[in-house]
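# Observations on the model geometry
So you can see what is in the structure, the chains are spelled out below.
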Amino acid sequence: MAYILITGGAGFLGGHLAERLASRGDRVRLLDNLSPQVHGSRGLEALPIALRCDCEFRRGDVTSPSALDRALAGVDAVVHLAAAVGVGQSMYRIAEYCRSNLQGTAELLQAILRRRQRPRGEAPRRLVIASSMSVYGEGCYRCPRCGPAAAAPRSREQLAKGEWEPPCRQCGGQLTPLPTSEAKAAEPHSIYAVTKLAQEQMALNFGRAYEIPVVALRFFNIYGPRQALENPYTGVVAIFCARLRAGQPLLLFEDGEQRRDFVSVHDAVGACLAALADATPAGAYNIASGETITIRRLAAAVAEALHRPLRLAEGRRYRIGDVRHCMADISRARRAMAYEPRVSLSAGLAELTGWLDSQAPPAGEILGLANQELRAFGLGG
Ligand SMILES: NC(=O)c1ccc[n+]([C@@H]2O[C@H](COP(=O)([O-])OP(=O)(O)OC[C@H]3O[C@@H](n4cnc5c(N)ncnc54)[C@H](O)[C@@H]3O)[C@@H](O)[C@H]2O)c1
Ligand SMILES: [Zn+2]
């Protein structure tokens, strides 16, 4: 039995992880500031999780040294999930994202070090940190002329003209997307992505210096029950579900042919458990389903799972900073930590809809909020 601290433990992934850890007999402590954007009016959303899985809940901020000192007492390992998570929003709430994600991680590492330096020195022996596919920017591509190729970020002008596919950086030719491995150079396209890359690099460097194994999990798009439907900045699956249930059409950015990888929250939890195992080597790992799907096909799959008619709103809209394609190569996680995704997209969507049936639909007007805000800052077209 281990004693695990989960920062951001009242959130979507944190809650599921807490339940799995507690059900296998670990002791679990949660540290979460119950950010209003995530928890809304259900400010005590954390309590059902704490009660369900019998864990300790501490309301506190990861930027607070004293909250961290208390939260770290006696724990064997930390899973650091606390973060502000909206990609688009990070582009206009820059200081807030840097405070939670960068300062929060810095304070956590500093607090671990403080514990290590104490006379009896009991500090956590392992750190797992949530990184993101967003660190890559565009995924890997192949050019028929140049071979493996990097894609140039798309300019505002290209997007305005509806030129969705990024050109080859060398010859300007058309590219084919490929699965992206951890060897791809990071090229973050948003403030959020910059903070995720910095978080993982800070933690990995800290781990090497102090011989604490650190595992950074580069999650692709996670979906599943208890995903925040009222938060207009969270994942596309939640947004599609909320809009379908409100009888609204699904907004496809660009032409809907962007490729992504959607991974069930249960598989993301499985990756956290694997990362906590002593045998897992330190490093960064892609965590995804290994299957790729276009956003257009995802829209159809979600509508089918919810038994709602599919209505699409296609206005050739776009968001500055969006990547065109990012698909995961998960062979490193498979090899090094025996990670194996188990939930197919159809099974995962069926589970999600079962959960949705027990939920009140979110208020209609909140759903357009994120897009209005992006346009107000000149970040959407
Ligand atoms: N959900 C995804 O698709 C996805 C993909 C890639 C990476 N991630 C990463 O996984 C982690 C968990 O994501 P999630 O989907 O569960 O998000 P979430 O928003 O549901 O959970 C994050 C939790 O952190 C808390 N939090 C935020 N700022 C805090 C602070 N300063 N101090 C203490 N608590 C704070 C929030 O209240 C929330 O409960 C995040 O680090 C996120 O960047 C998620
Ligand atoms: Zn080329």
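Described in the following lines is the structure provided in the data block. Computed from a predicted model, the values in this text were never measured in an experiment. (Residues numbered from 1 in each chain as written. Chains lettered and ligands numbered in written order. Predicted model: local features only at pLDDT ≥ 70, side-chain atom pairs only at ≥ 80, totals over all residues. Heavy atoms only, no water.)

Axis angle and axis distance: for two packed helices, these are the angle between their axes and the distance between the axes, and together they describe the pair. Two elements in contact, helix α1 (residues 12–23) and helix α9 (residues 265–276), have axes whose closest approach is 9 Å; the angle formed by their N-to-C orientations is 60°. Between α1 and α9, the angle is such that the two are oblique. Crossing geometry of α1 relative to α9 is assigned as right-handed. Between α1 and α9, the contacting residues are Phe-12, Leu-13, His-16, Leu-17, Arg-20 and Leu-21 on the first element and Val-265, His-266, Ala-268, Val-269, Gly-270, Cys-272, Leu-273 and Leu-276 on the second. Taken together, the residues of the contact of α1 with α9 sort by class into 10 nonpolar, 3 polar and 1 charged. (Axes fitted to C-alpha atoms, helices over the stretch in contact; angles between N-to-C directions. Helix = DSSP H or I, 4+ residues; strand = E, 2+ residues; numbered from the N terminus. Parallel < 35°, antiparallel > 145°, perpendicular 65-115°, else oblique. Left-handed = near helix turned anticlockwise from the far one by under 90°. Contact = heavy atoms within 4.5 Å. Nonpolar A, V, L, I, M, F, W, Y, C, P; charged D, E, K, R; others polar.)

The subject of this paragraph is the packing of helix α10 (residues 295–306) against helix α12 (residues 345–356). At a minimum axis separation of 9 Å, α10 and α12 run at an interaxial angle of 50°. In this view, α10 runs oblique relative to α12, as classed from their interaxial angle. At the point where α10 passes α12, the crossing takes the right-handed sense. Contacts from Leu-298, Ala-301, Val-302, Ala-305 and Leu-306 of α10 reach α12 at Leu-345, Leu-349, Thr-353 and Leu-356. Across the contact of α10 with α12, the residue classes break down as 8 nonpolar, 1 polar and no charged.

A separate point is the coordination of the zinc ion (ligand 2). Ideal donor angles around a metal are set by the shape: a four-donor tetrahedron calls for 109.5 degrees, a six-donor octahedron for 90 or 180 degrees. Every protein donor of the zinc ion (ligand 2) is listed here as Cys-143 (SG), Cys-146 (SG), Cys-168 (SG) and Cys-171 (SG), and their distances to the metal cover 2.2 to 2.4 Å. Of note is the zinc ion (ligand 2), whose 4 donor atoms meet at the metal with angles of 102 to 117° in an arrangement that counts as tetrahedral. On the primary sequence, the residues serving as donors to the zinc ion (ligand 2) are separated as C-x2-C-x21-C-x2-C. Residue classification places Cys-143 among the buried positions, given a relative accessible area of 2%. (Donors = N, O, S within 2.8 Å, 3.2 Å for Na, K, Ca; no water. Tetrahedral: all angles 85-135°; square planar, octahedral: opposite > 155°, others 65-115°. Buried < 20%, exposed > 50% of the residue type's maximum accessible area, 1.4 Å probe, protein only.)

A few words on the pattern of salt bridges. Counting across every chain of the model gives 22 salt bridges. Between Arg-114 and Asp-69 there is a salt bridge, with its nearest N and O atoms 3.2 Å apart. Here Arg-114 is found in helix α5 (residues 94–117), whereas its partner Asp-69 is found in helix α4 (residues 65–72), with 45 residues between them in sequence. Here Arg-114 falls in the partly exposed class, since its relative accessible area comes to 31%. Residue Asp-69 is classed as partly exposed on the basis of its relative accessible area, which comes to 28%. When salt bridges that share partners are traced, they join Arg-154, Glu-165, Glu-254, Asp-255 and Arg-324 into one network. (Salt bridge = Lys/Arg side-chain N within 4 Å of Asp/Glu carboxyl O.)

Right, let's get into the layout of surface pockets. Considered as a void within the structure, the second largest pocket measures approximately 190 Å³ in volume. Along its surface, the second largest pocket is lined by Phe-262, Asp-267, Ser-289, Glu-291, Thr-292, Ile-293, Arg-297, Pro-341, Arg-342, Val-343, Ser-344 and Leu-345. When its residues are assigned to classes, the lining of the second largest pocket shows 5 nonpolar, 3 polar and 4 charged. (1 Å grid on protein atoms, 1.4 Å probe; cavity = no way out; pocket = protein on both sides within 12 Å on 5 of 7 lines; lining within 4 Å. Points joined across faces, edges and corners; volume = space filled by probe spheres on them.)

Overall, mixed pairing links the 4 strands, which are arranged β7-β6-β8-β17 in an open sheet. Of all strands in the sheet, those bounded by a partner on one side alone are β7 (147–149) and β17 (327–328). By the bridge criterion, 2 bridges tie strand β8 (residues 176–180) to β17 in an arrangement that is parallel. If you follow Pro-179 over to β17, its bridge partner there is Met-327. (Pairing = 2+ DSSP bridges.)

Judged by pairing direction, the sheet is parallel, and its 7 strands sit side by side in the order β3-β2-β1-β4-β5-β9-β14 without closing on themselves. Only two strands of the sheet have a single partner each, and these edge strands are β3 (56–59) and β14 (283–287). Averaged over all neighbouring strand pairs, the angle between strand axes comes to 20°, with direction disregarded. Summarising the sheet, strand β1 (residues 3–7) and strand β2 (residues 27–32) pair through 5 bridges and their orientation is parallel. Looking across to β2, one finds that Ile-6 is bridged to Leu-30. With respect to the sheet, α1 is in contact with β1, β2, β4 (77–80) and β9 (214–219), its orientation differing from that of β1 by roughly 170°. The sheet contacts of α5 involve β4 and β5 (126–132), and relative to β4 the element is tilted by about 175°.

This is a description of form; function is not addressed.
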